[in-house]
Every structure is written in C-alpha cells, then in structure tokens.
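Observations on the model geometry
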Amino acid sequence: MTAERRQGAGGCDAQAHELLSVAEAKQRIMDLASPLSGRERLGIRAALGRVLAEDIVSPINVPPHDNSAMDGYAVMASDLPDDGERTLQIVGSAFAGRPSTTILQSGQCIRIMTGAVLPLNADTVIAQELVRANGTQIVVTAGHRCGQDVRRAGEDVRADDVVLGAGTQIAPAELGLLASLGVAEVTVLRRLRVAFFSTGDELRGTAETLGPGEIHDSNRYSIHGMLARLDIESLDMGVIRDRRDDVRKAIREASALADVVISSGGVSVGEADYIKETLEELGEIQFWRMAMKPGKPLAVGRIARTLFFGLPGNPVSVMATFYQFVQPALRHMQGHRHETGLLLRVPTITALHKEPGRLEYQRGILERDSDGRLVVRTTGLQDSHVLTSMSRANCFIILPAESSGASAGEAVEVQPFHGLI
Amino acid sequence: MSIDKIQNSADCFEREPDMMSVRSARAEIRALVEPVTESVTVALRDALGRVLAESVRSPIDVPTHTNSAMDGFAVRRADLDGTPPPTLRQIGAAFAGHPYAGEIQAGQCVRIMTGAAIPRGADTVVMQEHTEAHGDDITFSEVPRHGANVRPAGEDIARGQIAMTPGTVITPAALGLLASLGRSELRVWRPLRVAFFSTGDELRPLGSVLSRGQIFDSNRYTVYGMLKRLGVEIFDLGLVADEPQALRTILRQAASIADVIISTGGVSVGEADFVRSVLAEVGRVNFWKIAMKPGRPLAFGNVGDARFFGLPGNPVAVMVTFYQFVQPVLRYMRGEHEHAPELMLRARCLTPLRKKTGRTEYVRALLAEESGDWTVRRTGPQGSGILNSMVRANCFIVLADQQGNVAAGEWVDVQPLAGLI
C-alpha cells in the first residue's frame, strides 16, 4: 500500500460505520443461496468432485471374508504354544484370489499371502518373518495372540451399512470405496450453471489493439478459471457495453439461462452506469459497501429465481470477492458442506501496512524460512488493480478490520490458496 | 490397527536392516526423473492448470496509462496551495474507457472515475469524499500530497519486463494476468502421460459377481481420481491377470504410450509374485522396502523409456504412497518449477498412538480447530485395507522415524489433505 492511499483512507474512517462487515455480508449471502434440487445418475468416475444426492448402502461386507493382513502362515490359535516352541506341518497354500480348499487340522498350518482368504478352521496369521520354516514345516514360538494379523470380514464396511451419506463429496478415496463395494453408478446433484459477463466501455478482447484509455478484459478469464476449478458449467456472455438496451438484454438472457449470474464492473459509485439502474428494475438487488479491501462494492440479490453477484471491476477485487463470498455460496448450492478453509497463524517477514476500518485480504507468499518454519511475506504492491499481486501469491493474509498493520516478525492469519483454489 | 500388529511390525523392522527411509527413497526417485521437454501452443483458457513453457514478456505497460486510483477530481496539485478551502472549476469528466480529451489549465479540475486516464495537465487526484460541488465549482476539504491517488503507467509491469517464467502453473489469477497483457495463446509443456493398471488374481472389475476370495478392484478408481486432479493425460490399462505374458504385454504397451507407468499390487515379497522377473526382463526396477506405514513395498525404475512406480496393493497404502512419492514426481515431471510449500502444521493429538521408532507412519486423521488450537484425532481402525480411514480423514498425522508412542495431548506434525490433494 502506498502512502497516499493511507492518507486517503484515514479520512474515510468517519464513514466506516456505514460499511457492512465481511462476516455479516457472508451470512446474508449464505441465507440467499440454497442447495440445488436437480440430480443426475453418473458412472462413479464421472462423479468425481460431485456431491452425493443419495445414501450409499453397502451391498456387501468389506472385506467379504476373513483374510490375512500379512504374508505368513495361517494357524489355529489352539496350536499356539504358551511357552517354548511348537512345530506345525505346512499342508497347503492360499493366495489372494486363490483360496485354499484344505480344512486345517490341529498341528497343521497353511502358507498364506496378504489378502488371501483364511482357510477353514484357521483364525490367526503369523508373519513369515516370525517363524522358522524349512519348506514342509514351521516352528512357532510363544507370544502370539489369537486373531492376530487377520482382517475380519466386514471390518471396513458391513453389509447394509450406510457407507457414504447424501451430501458427501466424491474425492479419490470415496471413488475407491464405492468401487470396492461394486457400486458403479451414483445419484449426484446436477452441475451448477453460472453465467458471467464483464461491463466497461474501456474493455477490449485479448487480441484487440488498445486505444487510449482502453485495457484488455482480464476478469472474464480469471472468473472462467475460478469457476472451472469448482466443476461448474459456465456460460461466458462476453463484454457488455454500457448501453441501456445491451445491459438489459444481457441481464435478461443470463438470468434465464443460469442458476447464478456474475458480473464484474459497474457496481461502484460512478456516473456511467446502466447496470445499476437495470438491476434495480429487473430484480431485487442490494448494493453493499463492505468493510473490506480490496473489493468495497458488492451487489447481491435475485433476478427472478437466479442469484446475482455484481462484483467490482478491479481484477484483484474480483478475485478476492469471488473467493470470499461467491465461492462459498456456489459450493453451498452444489451441496457441499460448509468449510471455512484452512487458516494458519504464521509470522510475517515483511511489514504489512494497513489503516484500521476495513478487513483486508492482502496477497502473500507462504514459504519456509531457513529453519524450515512457515513464514509469509507480502507480494508487494497491493492496489486492487495490480493483478501480479494475485498471480504471485499463494495465500491471502487476512488482517481484521481493526488491525493497523503488522510489523516484521508479528504473527498474522493466512489462508493458503491450495485448498481454497 | 491392532496393538499386536504394531508389535509384530516393529519386530520385523529390527530384523530387516535393509529398510529405506522415506527421505532417501524420495531423493533416489527424484534423481532419476526429468521434466518433459516438448511444448505445445494452446488457447489461453485451455492453459488453465497447465504449466507455462515460455517466458512471457509484457508487450504493454500495466496499467497502460497513468490513471486514477479513486473516484474524485483530477487537479494540478499546485492549484490547491491557495487560501483554504481551495476551489476549482470543473471543466469535464473522465471515465474508464472515455478519457477527457483536453488539457487542464490553472484553476481547473476534471471529474474522474477509478481507472480513467489522468487528463493532461493534472498530476493529483482528490477523492470524492473530500470534495463538495456547488454547480461547477468544486471545493476541496482536504489537500493530498502531490501525485496522490495516481497510478503511474507500468507501475505493475513495465513494457518489455518478464511477467511470468517457464514452470509457472496457470492459475485463475495467471489467466487473468495473461489476458490483461493481451495474450490469446500460450506455450505450455505438453501434458504428462500416465498409464496405470492393477494386478491381483483376487480382483474383479465392477459389475462382476464375486466368488469366495475375490474383491472388487478399487485401486484403479482411487488412482484415476488422484491423477485427474493433477491435470495429466490418463491411460487406464485395466486389470491385468497374474500371469507373466499378460504382464509383459501390458508393460510394453504402457511404456510405448506413457511417460510414467503406475501399477498397484504385486510388489511385496510373496510367492505369487513373478512380477520381479518380468520387470527385470523389460526394464530396470528397484524393489524397496520403505520404512513407512502404510505402504512398505515400493518399486521404482524404468520400463523402456518410461518411469515405473510399483505401488502396494492395499487401497490405503496405494493412496499414501501415491501422495508421498508419486504426486510430487508427477508435478516435477510436468514442468512445475516450484509449488507452494508443503503445509505441515503442529496439532495437539487427542488420541494416543502406538508407534515404534525406525519408520515414518502416516495416520489418517481429522484435523479441527478448537478454541484457537489445532487438534487432531485418528479416524478409527488404520488397517491398510480400510479405505474408510481415508474417506473420513482430512489429514495425515506424520510420525517421523525417530518418533515413539504419542500420548493424548502431545503435539504432532499434520499434513492437511486439502493442501495435498
């Protein structure tokens, strides 16, 4: 943050009480968003990342039979010596997938591999490292326990148990668990559809030549990226010129097509805006000024049944408000359980400048110092148009509203991007 | 995990001094792999999640023009030095995209919006909140320093400067930044190609009817899920019969299409394992016993020109060895020059843990925040066949080689899965 910004912000303190707190804004947004009701049936691989819309009841025991946890010998516990040694005859072998058909008798054992079904009458496995074997017999010493190194049938999952409840997100481990039960298809919530557009007469496409005062539109690209990470069906409506008819048409189209509409630009106090006027006319939208930085202005509401977010126009503000407000709402609509994300307290190695009044999401680089400790430093220039502050960052440094910055060495709260992003 | 099992394992570690530490296995693997060297050109949006293969030089200043950081009035700072409160005459307005065409003379000011180019003659912006309008006469209640609220052209990135270097992962922020530089296409490293298959006579594909001793093959689903998140090209070669010719054929096929081959099952010491001889025939593969739990056996080497990972067959061991050994290597091979530091937290362990020294244990656990402190508890039975321990977990408790038993309340290292996955 530069000196003049601090000077400027100081004069704003008188207005701080009009600003909506981040916590209050988050709460109001979550009250507006409700989980989707549409569902679809998918093969389990296609369901990776989705949220279950049904309870999954196991049709089988996992493992289906008592089996060996080790490569070794299956024995009867009654043959285990209390002291001294006991010699057992090897009468067969059992492999995973090729069970032994031999019924074990006293004084006998069966060579058994990890995962192989326990032979009839066997109840205990002795790891191969723990016996002396000579090819036809083994010598067992005292100290073993009945049932050791045996995985019981149903130890992981019992038949008819609910193994995954509705609302569970399907991550790689859930995928494996479903496969292990033989479940090939599941019912999940349908994908969320989100339409987005940018507004601003100064915006040009990436391939266009810039005239005076013009910039390339970057917001549609970062929004596309953030939505793609959430496995959302996104509809890019392009750049909307600030003309009454264009704006009206875009907002109507977008809200008819999507569950959620996101715009960037056109919600701050300005003069050249048909956006605000049109939103007020077509929907029930609140225009907030939030006690946060970057990203003071935010418009939230409904256009018919579609949820609407009007984000600020500055590229960093777009990303910060998306991650803090829009993403949790979208995830909630997708059926995910609410998670606050990982927040760490680590020392900052650079001084962080801030004026009291607004909560700040400064962009930081989380790294390990020479002692292996996690520390954070600022990415430098923190103005809300400076997109490098975001692309170089791997975390937000969250400085609460009342904070007046932090000096080097002070512990600050950090929200790592991996996990968030 | 049962207590007797821990004791047994501990015994066998004492008897097996040829155990390799997690750290040296990682180092040996890393020494044998190289990043991909071919690159491809893709449309900007398609680059999301890929790895940049070029240095991106900015063709423009960012911001392009010296512009306003605030909504307010563009002034000549010297004009505000007169008797307070100074008053200037508004001669026009400047919007983002619609610059003011004229030049400001002494005694004049221009209404200016955030992002609008600073009109010629002006050098300072006074924020709206510090002004009062009486028709075209604007009175200034506060006088900022010279240059206040003005963002110089090139402040973020100067024309010709390198904005991004090879090895950068294209995140949503990077996408936005590249769009703002007017890039429509990018050179990225070609995707890494990863083939995988599972082995084991007891395994049956989903949809089959299980007979005694058989289980469904779940590993190909977890491996698929874990690979999917890494943005690699995936080849699922299916389930391979426990038979030398089938294995030979699949390995040769995999080596001809993939950079990396991952197999699950068939690498532990056992009689059913002809895997070693086939691998010795088609490649050079080391079979290690890693001092870790779960996941003791690990094979690594070359098959043809491809790198080969032989993971254990137990579902949890597959996931743990994938995250600890395979994932970092795949990220390195796909060209990532750095990634965020491994997040390792300290948390208070609420469950006592049995642990023998001499190996690293990855205990599946639940990390939570309780009154400002991180706490962690393990997720029930820890057998390496028990996928439920992974499903319920949001972290690994990492117990290092030298660590012994952990009493309830002791501090432990925790690796959150959110960061890992």
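Throughout, a residue's number is its position along its own chain's written sequence, starting from 1. By the order in which they are written, chains take letters starting at A while ligands take numbers starting at 1. A pLDDT threshold of at least 70 governs which residues receive local features in this predicted model, and a stricter bar of 80 or more applies before side-chain atom pairs are shown or counted, although totals over entire chains, interfaces and linings include all residues. Hydrogens are left out, water is left out, and the side-chain values use all remaining heavy atoms of the structure.

1. A look at the domain arrangement of chain A
Segmentation into domains, and thus their bounds, comes from an automatic or database assignment. Each assigned domain of chain A is listed here: domain 1 (4-37 + 190-333), domain 2 (39-62 + 155-189), domain 3 (67-151) and domain 4 (344-416). Centre-to-centre separation of domain 2 of chain A and domain 3 of chain A, based on C-alpha positions: 35 Å.

2. Things to note about the interface of chain B and chain A
For this analysis, residues touch if any pair of their heavy atoms sits within 4.5 Å. With 105 residues of chain B at the interface, the matching set in chain A holds 101 residues. A buried area of about 8200 Å², summed over both sides, lies between chain B and chain A, and 59% of it is on carbon and sulfur atoms. Sorting the residues of chain B by area buried against chain A places B:Arg45, B:Pro172 and B:Arg212 first, and these three jointly supply 9% of that buried surface. Salt bridge, as used here, is a side-chain nitrogen of Lys or Arg placed within 4 Å of a carboxyl oxygen of Asp or Glu. Put simply, chain B and chain A have four salt bridges between them. Measuring nitrogen to oxygen at the nearest pair gives 2.5 Å for the salt bridge that ties B:Arg45 to A:Asp236. Polar contact is the term for a pair of N or O atoms within 3.5 Å; when the atoms are in protein, one must be able to donate a hydrogen and the other to accept it, and sequence-neighboring residues count only if both atoms are side-chain atoms. Between chain B and chain A we count nine residue pairs in polar contact (both at pLDDT 80 or more) in total. In DSSP terms, a helix is any run of H or I states spanning at least four residues, a strand is any run of E spanning at least two, and both are numbered starting from the N terminus. Breaking the side of chain B that touches chain A down by element, the ones donating at least two residues are helix 1 (3-15), strand 10 (150-151), helix 3 (172-180), strand 15 (215-216), helix 4 (219-228), helix 7 (315-333), helix 8 (388-391) and helix 9 (417-420) of chain B. Buried area is a sum: the accessible area each of two parts loses on coming together, probed at 1.4 Å, counted once for each and added.

3. Observations concerning helix 7 (residues 315-333) of chain A
An α-helix turns once per 3.6 residues; consequently, residues spaced three or four apart project the same way. Residue and element names in this part refer to chain A. Across the chain, bend at a residue is computed as the angle between axes fitted to the seven residues ending at that point and the seven starting from it. Phe 322 marks where helix 7 bends most, by close to 45°. Summary of the burial criterion: residues with accessible area below 20% of their type's maximum are buried, those above 50% are exposed, and those between are partly exposed, where the area comes from a 1.4 Å probe applied to protein chains only. Burial runs high along helix 7: 16 of the 19 residues are buried. The positive-phi residue at the C-terminal boundary of helix 7 is Gly 335, with phi of around 95°.

4. Digging into unusual backbone geometry
For the bond from A:Val62 to A:Pro63, the omega torsion is -10°, close enough to zero to count as cis. Checked against the element boundaries, A:Pro63 lands in the loop between strand 2 (56-57) and strand 3 (67-68). Across the junction of B:Val62 and B:Pro63, the peptide omega takes the value -5°, indicating a cis bond. Relative to the helices and strands, B:Pro63 resides in the loop between strand 2 (56-57) and strand 3 (67-68). Here the phi dihedral of A:Asp149 falls at roughly 55°; this positive angle occurs in a residue that is not glycine. Owing to a relative accessible area of 4%, A:Asp149 belongs among the buried residues under this scheme. Of note in this structure, A:Asp231 is not a glycine but carries a positive phi near 55°. Checked against the element boundaries, A:Asp231 lands in the loop between helix 4 (219-229) and strand 16 (233-240).

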